[in-house]
Amino acid sequence: MAFTLEEFQDLMRRTFGERDRRRGLAESIAWLTEEVGELAQAVRKGDQADQLHELGDVLAWLASLAEQLGLSLESAAGRYAGGCPNCAAIPCRCPLEFIG
Ligand SMILES: [Zn+2]
């Protein structure tokens, strides 16, 4: 099954939107941060099934946060539609120290 970001955000809204609104922004941020930590741990341990699982959870919480902010993940991704937002090249030609 393939989703656009917009379809995914809509699915997350229909699945968890009511609960997420009741939970509120601060707690959603805390969950997103926790899931990013679990993703970091899965990357360190090297198990691809765990990494895929955690990527999905991070994406779900990111969609929840976007929804609560009244923003669109699809629009957020648009920032990169033309390649690097800084140098506008694909691939990026910024000096390495600039992008960390
Ligand atoms: Zn660049």
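Scroll up to find the structure this text is about.
Described in the following lines is the structure provided in the data block. (Residues numbered from 1 in each chain as written. Predicted model: local features only at pLDDT ≥ 70, side-chain atom pairs only at ≥ 80, totals over all residues. Heavy atoms only, no water.)

## Re the coordination of the zinc ion
Donor atoms from the polypeptide that coordinate the zinc ion comprise Cys84 (SG), Cys87 (SG), Cys92 (SG) and Cys94 (SG), at 2.2 to 2.4 Å from the metal. Mapped onto the sequence, the donors of the zinc ion take the spacing C-x2-C-x4-C-x1-C. (Donors = N, O, S within 2.8 Å, 3.2 Å for Na, K, Ca; no water.)

## Examining the pattern of salt bridges
For side chains bearing opposite charge, pairing can occur when the charged atoms are close. Inspection of the entire model under this criterion finds six salt bridges. Between glutamate 18 and arginine 22 there is a salt bridge, with its nearest N and O atoms 3.6 Å apart. One end of the pair is glutamate 18 and the other is arginine 22, both in helix 1 (residues 5–23) and four residues apart, which spans about a single turn. The exposure class assigned to arginine 22 is exposed, which follows from its relative accessible area of 64%. Through salt bridges with shared partners, a single ionic network connects Asp10, Arg13, Arg14 and Glu67. (Salt bridge = Lys/Arg side-chain N within 4 Å of Asp/Glu carboxyl O. Helix = DSSP H or I, 4+ residues; strand = E, 2+ residues; numbered from the N terminus. Buried < 20%, exposed > 50% of the residue type's maximum accessible area, 1.4 Å probe, protein only.)

## Brief notes about empty space enclosed by the protein
Counting across every chain of the model gives one cavity of 30 Å³ or more. Empty space within the largest cavity amounts to approximately 30 Å³. Lining the largest cavity are Met12, Arg13, Gly17, Asp20, Ala63, Ser64 and Glu67. Elements supplying a minimum of two residues to the lining of the largest cavity: helix 1 and helix 3 (48–68). Of the residues that constitute the lining of the largest cavity, the class distribution is two nonpolar, two polar and three charged. (1 Å grid on protein atoms, 1.4 Å probe; cavity = no way out; pocket = protein on both sides within 12 Å on 5 of 7 lines; lining within 4 Å. Points joined across faces, edges and corners; volume = space filled by probe spheres on them. Nonpolar A, V, L, I, M, F, W, Y, C, P; charged D, E, K, R; others polar.)

## Looking at the nonpolar core
Counting six residues, the largest nonpolar core is built from Phe8, Met12, Ala60, Ala63, Ala66 and Leu73. Only helix 1 and helix 3 provide two or more residues apiece to this core. Per-element tally for this core: the top contributor is helix 3, with three residues. With residues up to four places along the chain from it excluded, the contact list for alanine 66 reads Gln9, Leu71 and Leu73. Among the nonpolar cores identified, the runner-up in size contains five residues, and Leu32, Val58, Trp61 and Leu65 belong to it. (Core = buried A, V, L, I, M, F, W, Y, C linked by side-chain atoms within 4.5 Å. Contact = heavy atoms within 4.5 Å.)

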